[in-house]
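Summary of the model geometry
The residues making up each chain are set out below.
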Amino acid sequence: MPTPFNQSVVEEFRANGGKVGGPFEGVELLLLTTTGAKSGKEHTTPLGFVRDGDLLLIVGSDLGAPRHPDWYHNVLAHPSVRVELGAEEFQAVAVPAEGERRDLLFERVVAAEPGYADYQERTTRLLPVVALERPAHEAGIPTEAGNFAEKMTQVHLWLRGQLRHVRDETDAYFAALAAHQGPEAPPVPGLGLRIRQHCLAFCDALAFHHTSEDAHLFPVMAGHHPELRDTFERLAEEHREVARVQGGLVALLAGIGDADPEAFRTELARMSVELTRHLDFEEEALLPILARLPWPPGPPAGTGE
């Protein structure tokens, strides 16, 4: 539950294009909307941040309290977050930094906002530094859609790009292991939070997309196109198979830092094959029909609107 104070800050932020007065007069804030780790409900939290190139860095300081803030537990469970920055709103993946990178980023945060050093001194826990990342492949995805086919293409481009990103990160991990030589310590075992967070974000988006299609899009289309009954039955079965693979990936990533890299790579390769085949078939079968339906959908016929 948001505190009355936080809620008032959120309302003032949204009413004034990101500007907030009182104790935050002149302070640049963002709003972070996460999905509850246990409740599954959305929670919006106003947070200070530091820019580091294209990244936005947030710190789980909670003013130096002994426990991590709730939003940090939420992003570990559901890395996809919504960010409001001034009048801009966008989706991002929340990636906690690890090891030397965390220390380096915390130094940059403290250089910009020295108060975070005081918060660290107040607690024995290591304050987490979280980077809000916008996947690079999003830059190549059209932002507007004029019909359902273009909307589905947008979603599919994101899913394909995010899966490719996770594969590339995984390949880089194994390449680093294979290239290691000399007396220095080898790369830390385990996949790391970066791969974990981006893969969970992909899995969440995939599950939402397929659930929406099964519950809404496919039943409506089947009612208007009974000749495609076999097509929708095949798509539904493919959804179930993809969901089984997705469940295996999520189970492997349930722990923090203890996923079996080889098992993960095997399941990821399986996902790549199954999902690519499914998306190719779905696009071939449905895009010509969906191109005739406007996006966003208009009011039902006869409403007079």
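Think of each chain on its own: its residues are numbered from 1, step by step along the sequence as written. Local features in this predicted model are restricted to residues whose pLDDT is 70 or higher, and side-chain atom pairs enter the listing and the counts only when it is 80 or higher, whereas totals over whole chains, interfaces and linings include all residues. Only heavy atoms go into the side-chain values, all of them from the structure, while hydrogens and water stay out.

Grid points spaced at 1 Å over the protein atoms alone were grouped into cavities, where a 1.4 Å probe fits but cannot get out, and pockets, open sets with protein on both sides within 12 Å along at least five of seven lines, with lining residues defined by an atom within 4 Å of a point. Grid points are joined across faces, edges and corners, and a volume is the space filled by probe spheres set on the points. On inspection of all chains with the given rule, the structure shows one cavity of 30 Å³ or more. Of the voids in this model, the largest cavity is the one considered here, and its volume is about 60 Å³. Forming the walls of the largest cavity are L191, G192, L193, R196, L253, G255, G257, D258 and A259.

Let's shift gears to helix α3 (residues 99–112). Strands here mean DSSP runs of E at least two residues long; helices mean DSSP runs of H or I at least four residues long; both are numbered from the N terminus. Working rule for helices: expected span equals 1.5 Å times residues minus one. With 14 residues, α3 should reach 20 Å at 1.5 Å per residue; the first-to-last C-alpha distance of 21 Å fits that figure. Partly exposed residues are those whose accessible area sits between 20% and 50% of the maximum for their type, while under 20% is buried and over 50% is exposed, using a 1.4 Å probe and protein chains only. R102, L105, F106 and V109 are the residues of α3 that are buried. The buried residues of α3 all sit within an arc of 105° when viewed along its axis, so they share a single face. Pointing more than 90 degrees away from the buried face of α3 are the exposed residues E100, E107 and A111. The contact definition used throughout considers only heavy atoms, calling two residues in contact when any of these lie within 4.5 Å. Buried residues belonging to α3 abut β3 (50–52), β4 (55–59), α4 (115–121) and β7 (129–133). The arc in question is the one spanned by the directions pointing from the helix axis to the C-beta atoms.

Only one rule defines a salt bridge in this text: a Lys or Arg side-chain nitrogen within 4 Å of an Asp or Glu carboxyl oxygen. Under the defined criterion, the tally for this structure stands at 19 salt bridges. Of the charged contacts in the structure, one is a salt bridge between E88 and R134, with a shortest N-O distance of 3.2 Å. Here E88 is found in strand β6 (residues 88–96), whereas its partner R134 is found in the loop between β7 and α5 (148–179), with 46 residues between them in sequence. Residue classification places R134 among the partly exposed positions, given a relative accessible area of 44%. The partner of D103 in a salt bridge is R102, and the shortest N-O contact between them spans 3.2 Å. Taking the relative accessible area as the measure of exposure, D103 reaches 37% and is therefore partly exposed. What emerges from the salt-bridge pattern is a single network uniting E237, R240, E241, R244, E267 and R270.

All right, on to helix α8 (residues 261–290) then. The sharpest bend along α8 measures roughly 35° and falls at E284, with the proline P288 sitting one to four residues further on. Here a polar contact means two N or O atoms within 3.5 Å. Within protein one must be a hydrogen donor candidate and the other an acceptor candidate, and residues neighboring in sequence count only if both atoms are side-chain atoms. Here α8 starts with a cap whose side-chain oxygen sits 3.0 Å from the backbone nitrogen of E262, and that cap is D260. Here the bend at each residue means the angle between axes fitted to two seven-residue stretches, the one ending at that residue and the one beginning there.

A pair of packed helices can be characterised by two numbers: the angle between their axes and the separation between those axes. Packing of helix α7 (residues 229–252) against α8 leaves a shortest axis separation of 10 Å and a crossing angle of 160°. One finds that α7 runs roughly antiparallel with respect to α8. Seen along the crossing, α7 lies across α8 with a hand that is left-handed. In this classification, Asp, Glu, Lys and Arg are treated as charged, Ala, Val, Leu, Ile, Met, Phe, Trp, Tyr, Cys and Pro as nonpolar, and every other residue, Gly included, as polar. Here the residues of the contact of α7 with α8 sort into 14 nonpolar, five polar and seven charged. Every axis in this analysis is a line fitted to C-alpha atoms, fitted for helices over the stretch in contact. Angles between the N-to-C directions lie between 0 and 180 degrees. The labels follow the angle: roughly parallel below 35 degrees, roughly antiparallel above 145, roughly perpendicular from 65 to 115, and oblique for the rest. Throughout, a crossing is termed right-handed when the near helix is turned clockwise from the far one, and left-handed when it is turned anticlockwise from it by less than a right angle.

None of this, on its own, says anything about what the molecule does.
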